[in-house]
Amino acid sequence: MDHKDCIFCQIINGDIPSAKVYEDEHVYAFLDISQVTKGHTLVIPKTHTRNIYDTPGDVAKELFERIPQLARAIKMTYQPDGMNILNNNEKAASQTVFHLHFHLIPRYLESDNSFNFTWENNTDHYTLEDLQNIANDIHLNIDNDNLHSS
Ligand code: AMP
Ligand code: ZN
């Protein structure tokens with residue numbers, strides 16, 4: 001199902017040009033126009049979903065199945081020192097295009113200034129009991145997941 005106002009559905013349909021890296025029945029991969037680092041690639045399902053929350057398991061399975069091969073192809077091509085694979089969900093997490101996508105961002109030690117993120121280590125703020133309580137709260141809602149059976 002495609003959404004006519006979705007820029008990534010338009011890319012899949014060929015209505016908007018893209019630098020295609022790979023395509024098959026389920027998945028489309030193309031260069032991110034922003035090229036945070038050289039080879040920065042987006043991998044998207046052909047089925048339109050807004051983000052990870054509304055993505056059925058079978059769509060995720062097809063998508064993830066191809067990511068290692070694409071990552072290896074980028075690695076073989078440019079020999080980066082590392083690679084980040086990122087997925088942003090909702091505005092608060094920097095999602096700007098609302099069609100599920102994964103960023104494959106090769107990292108180059110010599111010239112990595114254009115990519116940055118930091119996160120704090122809050123290990124000291126939690127006891128093992130605190131952690132287990134959080135884990136239990138999340139676990140309870142695994143059974144309440146409506147998309148789980150698909
Ligand atoms: P996000 O912030 O995770 O939603 O990422 C959306 C990404 O889509 C950004 O990195 C944009 O540079 C990229 N993007 C937006 N429009 C296009 C386009 N027409 N072709 C390629 N990449 C695009
Ligand atoms: Zn779409």
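Scroll up a little and you will see the structure.
A brief look at the structure comes next.

Definitions and cut-offs
Residues numbered from 1 in each chain as written. Chains lettered and ligands numbered in written order. Predicted model: local features only at pLDDT ≥ 70, side-chain atom pairs only at ≥ 80, totals over all residues. Helix = DSSP H or I, 4+ residues; strand = E, 2+ residues; numbered from the N terminus. Buried ≥ 20, exposed ≤ 12 C-beta atoms within 10 Å, placed from the backbone. Contact = placed C-beta atoms within 7 Å. Pairing = 2+ DSSP bridges. Axes fitted to C-alpha atoms, helices over the stretch in contact; angles between N-to-C directions.

## Some points on the overall build of the chain
Point 1. Counting secondary structure elements, the chain contains three helices and five strands.
Point 2. Listing the helices and strands of the chain from first to last along the sequence gives α-β-β-β-α-β-β-α.
Point 3. Viewed in the frame of its principal axes, the chain has a C-alpha envelope of about 50 × 40 × 25 Å.
Point 4. For the chain, the proportion of its 150 residues judged to be buried stands at 17%.
Point 5. Counting only contacts in the chain whose residues sit at least 6 apart along the sequence, the fraction spanning at least 24 positions is 57%.

## Quick word on the sheet that holds strand E3 (residues 41-45)
Point 1. The five strands are arranged E1-E2-E3-E5-E4 in an open sheet whose pairing can be described as antiparallel. Looking at which strands have only one partner, the edges of the open sheet turn out to be strand E1 (20-23) and strand E4 (82-86). If you compare each strand with its neighbour and ignore which way they point, the axes differ by 15° on average.
Point 2. For E3 and strand E5 (residues 102-107), the ladder comprises three bridges, and the chain directions are antiparallel. Counterpart to Val-43 in the pairing with E5 is Phe-102.
Point 3. Packing of helix H2 (residues 57-78) onto the sheet brings it into contact with E1, strand E2 (27-31), E3, E4 and E5, and relative to E3 it is tilted by some 160°.

## Thoughts on unusual backbone geometry
Point 1. Here Glu-90, not a glycine, exhibits a phi torsion of approximately 75°, which is positive.
Point 2. Summarising the element assignment, Glu-90 is placed in the loop between E4 and E5.
Point 3. What makes Glu-90 exposed here is the crowd of 12 C-beta atoms within 10 Å.
Point 4. Of note, the phi angle at Ser-94 is positive, near 75°, even though the residue is not glycine.
Point 5. Here Ser-94 shows up in the loop between E4 and E5.

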